[in-house]
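Reading the structure
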Amino acid sequence: MFTLEGISHLLLSYQYAILFPIAILEGPIIAVMAGFLVMTGQLEFLPVLLMLLAGEIVGDVLYYCIGRYGGRKFVQRWGKYVGLNAARLASVEDHFREYPKRTLLFGKTQSWGSLILVAAGISRMPLALYAWVNLFVSIPKTLLFMGLGYYFGRVFGALALKQ
């Protein structure tokens, strides 16, 4: 079910109703697929953008909550197996206090950025600042991925017409 074909089928069948929950799980891939569906006229741009942004922010807040309410205990118990100790955790917290926006901006552009989002929760970054920075980064990021889906959908459509 969670293959590209399965997700495509879900999006075509349930459209906007399924877009938000899937975007919570995997925003960028869904944004590309939704951009393609916008290009084909099966979905409308503005509702898709709003659903994707809402899913992205809810997913980010979930990562934050994981860090804030369970991350410290998890690191204390299991961190030694991946090189995390109390000193490194303190270093991460200091870094978030000194460069909160920059750190989140960097984290949101990485494939492993969820670790940065969890670390923001562990560091107890103010939730309002966290949410605003994530929204600020999510808007161009989502538009970029939707644009890729739209553009490559047009290219695919043009190639299909030539055959």
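Source: prediction; values computed, not measured.

**Describing the nonpolar core**
Counting residues in hydrophobic clusters, the biggest one holds 19 residues, and the most contacted among them are Leu 11, Leu 19, Ile 30, Val 48, Leu 52 and Met 146. Those elements that place two or more of their residues in this core are α1 (4-14), α2 (16-25), α3 (27-39) and α4 (45-78). A per-element tally of this core places α3 first, with 6 residues. Among residues more than four places away in sequence, those in contact with Leu 52 are Leu 19, Ala 23, Ile 30, Ala 31, Ala 34, Thr 142 and Met 146. Core analysis: the second largest hydrophobic core is formed by 10 residues, Tyr 64, Leu 117, Ala 119 and Val 133 among them.

**A look at the environment of Ala 120**
Positionally, Ala 120 belongs in helix α7 (residues 113-122). Among the residues examined, Ala 120 registers a relative accessible area of 0% and is labelled buried. Considering only alpha carbons, one finds Ala 120 and Met 146, 26 residues apart in sequence, at a separation of 27 Å. Residues contacting Ala 120, with those up to four places away along its chain left out, are Tyr 64, Phe 96, Leu 104, Met 125 and Tyr 130.

**A look at the pattern of salt bridges**
Applying the stated criterion to the full structure yields 4 salt bridges. We note a salt bridge from Asp 94 to Arg 97, for which the minimum N-O separation is 3.0 Å. Residue Asp 94 and its partner Arg 97 are both found in helix α5 (residues 86-98); the two are separated by 3 residues, about one turn of the helix. Residue Asp 94 is classed as partly exposed on the basis of its relative accessible area, which comes to 45%. Each of Glu 56, Asp 60, Lys 108 and Lys 141 takes part in one network of salt bridges that share partners.

**A few points about α7**
Counting buried positions along α7 yields 8 of 10 residues, so the element is predominantly enclosed. Those residues of α7 not exposed but buried are Gly 113, Ile 116, Leu 117, Val 118, Ala 119, Ala 120, Gly 121 and Ile 122. Downstream of α7 by a residue or two, Arg 124 has a phi angle that is positive, lying close to 60°.

**Description of the side chain of Ser 123**
Tracing the backbone shows Ser 123 in the loop between α7 and α8 (127-162). Residue Ser 123 is classed as buried on the basis of its relative accessible area of 9%.

Definitions and cut-offs
- Residues numbered from 1 in each chain as written.
- Predicted model: local features only at pLDDT ≥ 70, side-chain atom pairs only at ≥ 80, totals over all residues.
- Heavy atoms only, no water.
- Core = buried A, V, L, I, M, F, W, Y, C linked by side-chain atoms within 4.5 Å.
- Buried < 20%, exposed > 50% of the residue type's maximum accessible area, 1.4 Å probe, protein only.
- Helix = DSSP H or I, 4+ residues; strand = E, 2+ residues; numbered from the N terminus.
- Contact = heavy atoms within 4.5 Å.
- Salt bridge = Lys/Arg side-chain N within 4 Å of Asp/Glu carboxyl O.

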